[in-house]
Number of protein chains: 2
Amino acid sequence: MDHEVTVDHGGSVDYGEADPFQWDTREDCQVRQILDRVADKWSLLVIALLDRRRLRFTELRREIDGISQRMLTVTLRQLERDGLVKRTVHPVVPPRVEYELTPLGGTLHHTIQTLVSWTEEHQNEIAAARADYDARAAAEESP
Amino acid sequence: MDHEVTVDHGGSVDYGEADPFQWDTREDCQVRQILDRVADKWSLLVIALLDRRRLRFTELRREIDGISQRMLTVTLRQLERDGLVKRTVHPVVPPRVEYELTPLGGTLHHTIQTLVSWTEEHQNEIAAARADYDARAAAEESP
DNA sequence: CGGGATCCAATGGGATACTG
DNA sequence: CAGTATCCCATTGGATCCCG
C-alpha cells in the first residue's frame, strides 16, 4: 500500500525527478490544477480576508469590492471542497452562515500573504515599468 | 518629490490604515490589479520556469503543457510590460528570442516558488478533502 | 522561429428573480 | 440572510493563416 505507482500517460517521455529544479507542468498534473484554484483572483482575496477572522457571507461580499453574489458562492464552495475553508451554518432565523479558514487554509494564508506583501512592496516599481513600456511603445508608433 | 500624495477616490469612506490586518480591496486598487496579473494561471507557470534559466519562445511553449501560442505571447508581453521578464531579440536568421527574469522578477519568483511548494506538499490533503466533500454531497442526494 | 491578425467557440461572470 | 437557478453577454482563449 505504500509503494510508488507508475502511471503510463501514453507517452514515452521520462517524467522522473531527473531535474530537481523542474516540476511537472502537464495539465493533468495535480499541482497544476490546485494552482489554478489557489491562484484564482477571488480565492486569493477570500483567503486573505479570512485570516484570523470569521466572516459571514454578507460581510465577505461587502469587503470584496466588485465580487458578485454568484462568484462569492462559487468561490466559497470550491474553497470548502478543497478543505481550505470551513462553513458553519447556525440554525437560526434569519440564517447565519460563517466562514473561517481551516488549519490547512491557514498554512496557505501565510504563502498568500507573502504574495500580497510582495505586491504592496513593489507596486511602484511595476507601475514605473509599465509607464516606461507604454512610453516606448508609443514612441515607436509615432516618429 | 518624496512626500505622500492623498488621492480622493470620490467617496467619503475612510480608507486610512485603521486596521493593520486590513488592506485595500477596492477594484481600482493597484495591489488588486497587480495581484490579478501575478496570480494568473500562465504567468505563474512562466515565472516558475524562468528561474535561473533563459528560455526561448518555443522552449517555453514546449515546457508548458496546454498553453497556446497566443496565450504565451500575451502572457510574456504582460510580464515584460510589468518589468518582470526581459526579452532579448538576437538579430539572426532564423530569429532567436530569449526570455529571462529581471531582478524584480527574480524576487517574485521566490514568492511563487513558495506557492508551488505549498501546493506540492499539500496536494494529498486537498485531494482527500475533495474526495470527502464529493462523497458527502453524493450521499445527501441519494438516500 | 517568433510572433501579429483574425475569426470563432467556450466559458466566466453579471443581473435578476425566486426560495428556505 | 444566504443562497439556487436562469438568462445572457463579455471576455478569454484556441485555431488558423500569414509574414519578417
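Residues numbered from 1 in each chain as written. Chains lettered and ligands numbered in written order. Predicted model: local features only at pLDDT ≥ 70, side-chain atom pairs only at ≥ 80, totals over all residues. Heavy atoms only, no water.

## Looking at the protein's contact with DNA strand C
Close to DNA strand C lie 18 residues; A:S68, A:R70, B:T58, B:R87 and B:Y99 are nearest. Interatomic distance of 3.0 Å between a side-chain N/O atom of B:R56 and a phosphate oxygen of DNA strand C. Interatomic distance of 2.9 Å between a side-chain N/O atom of B:R77 and a phosphate oxygen of DNA strand C. In terms of residue count, the dominant contributor to the surface near DNA strand C is helix α4 (residues 69-81) of chain B (4 residues). Here the surface near DNA strand C is built from residues that sort into 7 nonpolar, 6 polar and 5 charged. (Near = heavy atom within 4 Å. Polar contact = N/O pair within 3.5 Å; in protein donor to acceptor, adjacent residues only side chain to side chain. Helix = DSSP H or I, 4+ residues; strand = E, 2+ residues; numbered from the N terminus. Nonpolar A, V, L, I, M, F, W, Y, C, P; charged D, E, K, R; others polar.)

## With respect to the protein's contact with DNA strand D
Of all residues adjacent to DNA strand D, which total 16 residues, the nearest are A:T58, A:R87, A:Y99, B:S68 and B:R70. Measuring from a phosphate oxygen of DNA strand D, one finds a side-chain N or O atom of A:R56 at 2.9 Å. Note that a phosphate oxygen of DNA strand D is positioned 2.5 Å from one of the side-chain N or O atoms of B:S68. For the surface near DNA strand D, the elements supplying multiple residues, two or more each, are α3 (57-63), α4 (69-81) and β3 (96-101) of chain A together with α4 of chain B.

## Considerations on the UniProt feature "domain: HTH hxlR-type" (unreviewed entry) in chain A
When the UniProt feature table is mapped onto this chain, "domain: HTH hxlR-type" (unreviewed entry) is found at residues 29-127 of chain A. With 64% helix and 14% strand, the stretch residues 29-127 of chain A has end C-alpha atoms that lie 34 Å from each other. (UniProt positions renumbered as here; feature names shortened; annotations may be inferred.)

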